[in-house]
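# Notes for the structure review
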Amino acid sequence: MKGIMVGMAVGYVLGAKAGRERYDQIVRMWHRFTSNPTVRRTASQAKDKAFEAAHQAKDLAADAAEKAAEKAPWRHQEEANGRPVTPPATTPRA
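Keep in mind it's a predicted model, so treat the numbers as computed, not measured.

### Remarks on the overall build of the protein
From N to C terminus, the protein includes two helices and zero strands. Looking at the protein residue by residue over its 94 residues, the buried ones come to 1%. For the protein, the computed accessible surface area is about 9000 Å², with 61% contributed by carbon and sulfur atoms.

Structure below.
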């Protein structure tokens, strides 16, 4: 929290020293950069690849979880009365 406040203060001081003209210049450069067709195409491709990678990771995680569940010790154990053993309760991690 303290670091964020220090960063904000430094940013404010530097921004105030640079002035409105420099701010406007930076905004114009940013708009020129983001409106460039090559930049837009590259950003779109990167977004698509990230989306695809996220889906692949989700599928791999689901497969790994399924395999881990099959190997879980309580899956193949039964209590003395013949009912399956319930898995131990887990607590959510923060």
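From this point on, the discussion continues.
### Focus on the packing of aromatic side chains
Per the counting criterion, the structure on display carries one aromatic pair. With 5.7 Å between their ring centres and 35° between their planes, tryptophan 30 and phenylalanine 33 make a pair best called tilted. Of this pair, tryptophan 30 and phenylalanine 33 both sit in helix α1 (residues 2-35), separated by three residues, roughly a single helical turn. Owing to a relative accessible area of 53%, tryptophan 30 belongs among the exposed residues under this scheme.

### Here's the deal with a nonpolar patch on the surface
Among the surface-exposed residues, Met1, Ile4, Met5 and Met8 lie close enough to one another that they form a single nonpolar patch of about 500 Å² accessible area. Turning to its location among the elements, isoleucine 4 is positioned in helix α1. Exposure remark for isoleucine 4: the relative accessible area of 53% places this residue in the exposed category.

### A word on α1
In this model, α1 (34 residues) spans only 37 Å end to end at C-alpha, well below the 50 Å of a helix rising 1.5 Å per residue. If you look at α1, its biggest bend is around 100°, right at glycine 19.

### Observations regarding helix α2 (residues 37-71)
Compared with the 51 Å implied by 1.5 Å per residue over 35 residues, the 51 Å span of α2 between its first and last C-alpha is a close match. Measuring from the side-chain oxygen of the N-cap residue of α2 to the backbone nitrogen of threonine 38 gives 2.8 Å; that N-cap residue is asparagine 36.

Cut-offs applied
Residues numbered from 1 in each chain as written. Predicted model: local features only at pLDDT ≥ 70, side-chain atom pairs only at ≥ 80, totals over all residues. Heavy atoms only, no water. Helix = DSSP H or I, 4+ residues; strand = E, 2+ residues; numbered from the N terminus. Buried < 20%, exposed > 50% of the residue type's maximum accessible area, 1.4 Å probe, protein only. Areas by Shrake-Rupley, 256 points an atom, 1.4 Å probe, with all protein chains shown as cover. Phe/Tyr/Trp six-rings, centres within 6.5 Å; stacked < 30°, edge-to-face > 60°. Patch = residues over 30% accessible without salt bridge, like charges linked within 9 Å, V, L, I, M, F, W, Y side chains within 5 Å. Salt bridge = Lys/Arg side-chain N within 4 Å of Asp/Glu carboxyl O. Expected span 1.5 Å × (residues − 1). Bend = angle between axes of the 7 residues up to and from the residue. Polar contact = N/O pair within 3.5 Å; in protein donor to acceptor, adjacent residues only side chain to side chain.

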